[in-house]
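Architecture and fold: a report
Chain by chain, the residues run as shown.
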Amino acid sequence: MEFSVQTANPAKAETACLVLPVFKGSDLLPAVAKLDDASERLIGQLLDRGDFDASLGNVQLVPFAPGLGAERLLLVGLGERAKCQEAAFIKALDAAMAALTKLPIDEASATFTDVPLEDRDTAWKARKTLEAAQRAIYRFDQFKSSPAKAPSLAKLNLIVSDADEAPMAKQGATLGTAIGQGINLTRTLGNLPGNVCTPRYLAEQAEQLGRDSQGALEVEILDEEALEALGAGSLLSVGRGSQEPTRLIVMKYQGAENSEEAPHVLVGKGITFDTGGISLKPGEGMDEMKFDMGGAASVFGTVKAVLAIKPKLNVVFIVAAAENMPDGAATKPGDIIKTLKGLTVEVLNTDAEGRLVLCDALTYAERFTPASVVDIATLTGAVIIGLGHHATGLLSNDDDLALDLLDAGEAAWDRAWHLPLWDEYQEQLDSNFADLANIGGRPAGTITAACFLSRFADHFPWAHLDIAGTAWHSGKQKGATGRPVGLLTQYLLDREADAQVENSDG
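The protein goes by Probable cytosol aminopeptidase in an unreviewed UniProt entry, where it is assigned to Vreelandella alkaliphila. Quoted verbatim from the Subcellular location (unreviewed entry) field of UniProt, the annotation for the protein is "Cytoplasm". Taken from UniProt, the Function (unreviewed entry) comment for the protein reads in full: "Presumably involved in the processing and regular turnover of intracellular proteins. Catalyzes the removal of unsubstituted N-terminal amino acids from various peptides."

In this section: unusual backbone geometry. Residues other than glycine predominantly adopt negative phi, and peptide bonds predominantly adopt the trans conformation. Cis peptide bonds are those with omega within 30 degrees of zero, and the linkage from R483 to P484 qualifies with 0 degrees. Relative to the helices and strands, P484 resides in the loop between β19 (479–480) and α14 (485–505). Located in the positive-phi region is E40, a residue other than glycine, with phi close to 55 degrees. The residue E40 is located in the loop between α1 (30–38) and α2 (42–48) in this model. The phi torsion at A444 lies on the positive side, around 55 degrees, for a residue other than glycine. Structurally, A444 is set in the loop between β16 (436–437) and α13 (445–454). Given the relative accessible area of 29%, A444 is considered partly exposed.

What follows concerns a negative patch on the surface. A cluster of acidic residues, D423, E424, E427 and D430, forms a negative patch on the protein surface. For E424, the position within the fold is in the loop between β15 (416–418) and β16.

This next bit is on the side chain of E131. The topology assignment puts E131 in helix α4 (residues 122–137). Those residues within four positions of E131 in sequence are excluded, and the remaining contacts are G176, I179, G180 and I183.

This next bit is on the packing of α4 against helix α5 (residues 166–191). Packing of α4 against α5 leaves a shortest axis separation of 7 Å and a crossing angle of 35 degrees. Of the two elements, α4 crosses α5, and the hand of that crossing is right-handed. Its residues placed into classes, the contact of α4 with α5 shows 9 nonpolar, 8 polar and 4 charged.

Moving on to the pattern of salt bridges. A full pass over the atoms with the stated rule returns 23 salt bridges. A salt bridge links R72 to E71, with the nearest nitrogen and oxygen atoms 3.5 Å apart. Overall, the relative accessible area of 17% leaves R72 in the buried class. Each of the salt bridges in this network shares a partner with another, and the network as a whole consists of D36, R41 and D48.

Let us look at the UniProt feature "binding site: Mn(2+) 1" (unreviewed entry) in the protein. If you check UniProt for "binding site: Mn(2+) 1" (unreviewed entry), the listed places come out as D274, D351 and E353 in our numbering. The annotated residues occupy 80 residues of the chain but converge on a single region, no pair of C-alpha atoms lying more than 8.6 Å apart. Lining residues of the largest cavity drawn from the annotated set just named are E353. Relative to the elements of secondary structure, D351 occurs in the loop between β12 (344–346) and α10 (354–365). Contacts of D351, omitting those with residues within four sequence positions, involve D274, G276, S279 and K281.

Moving on, we get to the environment of P104. If you trace the backbone, P104 turns up in the loop between α3 (86–100) and β5 (107–110). Residue P104 is classed as exposed on the basis of its relative accessible area of 71%. Linking P104 and A391, residues 287 residues apart in sequence, is a C-alpha distance of 36 Å. Sequence-distant contacts of P104, that is, excluding residues within four places in its chain, are made with R72 and S152.

Here we come to the nonpolar core. Within the largest apolar cluster, 57 residues are counted, with the highest numbers of intra-cluster contacts made by M97, L100, F112 and L156. The residues contacting L156, other than those within four sequence positions of it, are M1, E2, F3, S4, M97, L100, A108, S109, A110, T129, L130 and A133. Counting residues in each nonpolar core, the second largest holds 48 residues, with A203, A206, L266 and M286 among its members.

The strand order across the open sheet built from 6 strands is β1-β6-β5-β2-β4-β3, with neighbouring strands paired in mixed fashion. For this open sheet the edge positions go to β1 (2–6) and β3 (59–62), each flanked by a neighbour on one side alone. Across the sheet, the mean angle from the axis of one strand to that of its neighbour is 25 degrees, orientation sign disregarded. As judged from the 6 bridges shared by strand β2 (residues 18–23) and strand β4 (residues 73–79), these two strands associate in the parallel manner. Considered in β4, the bridge of L20 is made with L75.

Cut-offs applied
- Residues numbered from 1 in each chain as written.
- Predicted model: local features only at pLDDT ≥ 70, side-chain atom pairs only at ≥ 80, totals over all residues.
- Heavy atoms only, no water.
- UniProt positions renumbered as here; feature names shortened; annotations may be inferred.
- Helix = DSSP H or I, 4+ residues; strand = E, 2+ residues; numbered from the N terminus.
- Buried < 20%, exposed > 50% of the residue type's maximum accessible area, 1.4 Å probe, protein only.
- Patch = residues over 30% accessible without salt bridge, like charges linked within 9 Å, V, L, I, M, F, W, Y side chains within 5 Å.
- Areas by Shrake-Rupley, 256 points an atom, 1.4 Å probe, with all protein chains shown as cover.
- Salt bridge = Lys/Arg side-chain N within 4 Å of Asp/Glu carboxyl O.
- Lys, Arg positive; Asp, Glu negative; His and termini not counted.
- Charge placed at Lys NZ, Arg CZ, Asp CG, Glu CD.
- Contact = heavy atoms within 4.5 Å.
- Axes fitted to C-alpha atoms, helices over the stretch in contact; angles between N-to-C directions.
- Left-handed = near helix turned anticlockwise from the far one by under 90°.
- Nonpolar A, V, L, I, M, F, W, Y, C, P; charged D, E, K, R; others polar.
- 1 Å grid on protein atoms, 1.4 Å probe; cavity = no way out; pocket = protein on both sides within 12 Å on 5 of 7 lines; lining within 4 Å.
- Core = buried A, V, L, I, M, F, W, Y, C linked by side-chain atoms within 4.5 Å.
- Pairing = 2+ DSSP bridges.

Structure representation (C-alpha cells):
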C-alpha cells in the first residue's frame, strides 16, 4: 500500500473517504473540530443526537459530506479520552482499516496522528496506522476456487495538523509499511498448508528473497548430506520419520559499515508440520500444527522488513526446518541422539521436537561470534497456560538482552513477558542414560524447555521467545498473526541506534 503525508486543512482535503477518530462526549480532536465547523456541526449533531456511539471500535459511514472536500466520512470510536492508551488506539485503527477495505474506493485519508497518546509521538502513530492498513488489506484465499474480491484500497493519506511533524509522520509510515509487509509474509507462510510449505519450500523462499535483494542477502542452504557431515544429529533426528528432507537455512545480511562487526542472530523453529512423531498428538486441532513453523515464518518476515529498511547492522537469520512424522524410521521415545555440540540427549517425548532442531541451530550460530542470539519458536503449550494469547514468553541468559527485547516489544506494541531461568530448574532435565533429557516433566514446562536450549547457548548472549500463544489464532478466526515481526524488527533497529552512538563516541 502506498502512502502520503499531507498538512492540508482536513476540511478541504479531497479524498474518497476521510477517517475521523472520535472520543465519546463533545471533546473533538483539532482536525475533527475543523471539519465540524466547516460542515455546520455535522459530526457534533450526530454525537449529540446519539446517532453515532463513539464507544471504542465502533464505526459509522457518513456517505455524504456537504461542504467538505471528502466524498465520505468514516467515524471511528475511540471510547473515553481518559482511557485512550495504546491498546485502544490500535483497536480503533484496526476497526477503521477493516471498514475501509469494504468500501469501493482506492484511496482514503486519516487523521490518527492527532490522537493524543502519552509517550507516543507522531512517528509511532503513523507507523501503527500503516501497519494496521497493511494487515487489513491482507487476504489468504489462493486455495479457494472462488476467492472474494480483493480490497481496492491502495493508498492511504496521513493528514498531519502540524507541518513540523510531517517528516516524523513520513518516517513512521515508511517503517510501518515495511513491518506490515513483513508481518503479512509471516502470515502467508504460517497459513500455507503443510503439503505446500515444506522445509524445501522454505529453502526456496529464502533463495527467492536472496535473488530479490540484489545482493543484499546471502543465502546458504544445508541439505541432509551437509548436516550429516556437520554432525547435526539432533536436527536430523526430528525429520527421520518424514519423506520431506530436513534443511538448515542461513541468510546473511551485511549492513554495517564494518563488515567484521559482530552480527545479531535470529534463529527460527521451522517445523512445517508437527504430528508429535511417535508421541502422536490427539487428532482434534492437529491441523493447526501447520503453524508450528511460526518462529521460522517470523524470521522470514523480519528479513523482508530488514531488506526494505536497510539498517546499518549485520544480521544472520537461521531457520531449522523439518517435518515431524511417525514412520518406521522415526525417532522413538527412549532413543539417544547426539547433538552438533556433542551433548547426548535422551528423547523422552518425540513431541518435544522444537528444542531438538533449535539446539543444533544455536550451536551453528556460535560460528558467527554473535553479538546476540534470539531464537523464536512455538515451543510449549505451557506458555499459553501461563500467559494466554497476549504476551510472548521471554527467557534469557543475559538480563541486558532481556531488557532490550522487552523494550522493543513495548515500542512495537508487540509485547513479551520475562520468565525466570534459574539453575534450580535445570535438574528436571537430568537423565540416567544421556547428558540430558529433552523434557523436564509437567511443572514449569516453558522454563525447562528454555533450560534445555540454554545448554547450547553458553558462549553468547541468548534469549528465547516462546510464541506458542501469540503466533496464531484458533477457532473461527483461525490464522497466523505475524507476531513477533514487530518486536524483532524494533530490536534490530534499536541495536543499529546503539551501534551508531558507540561509533560516534569512539
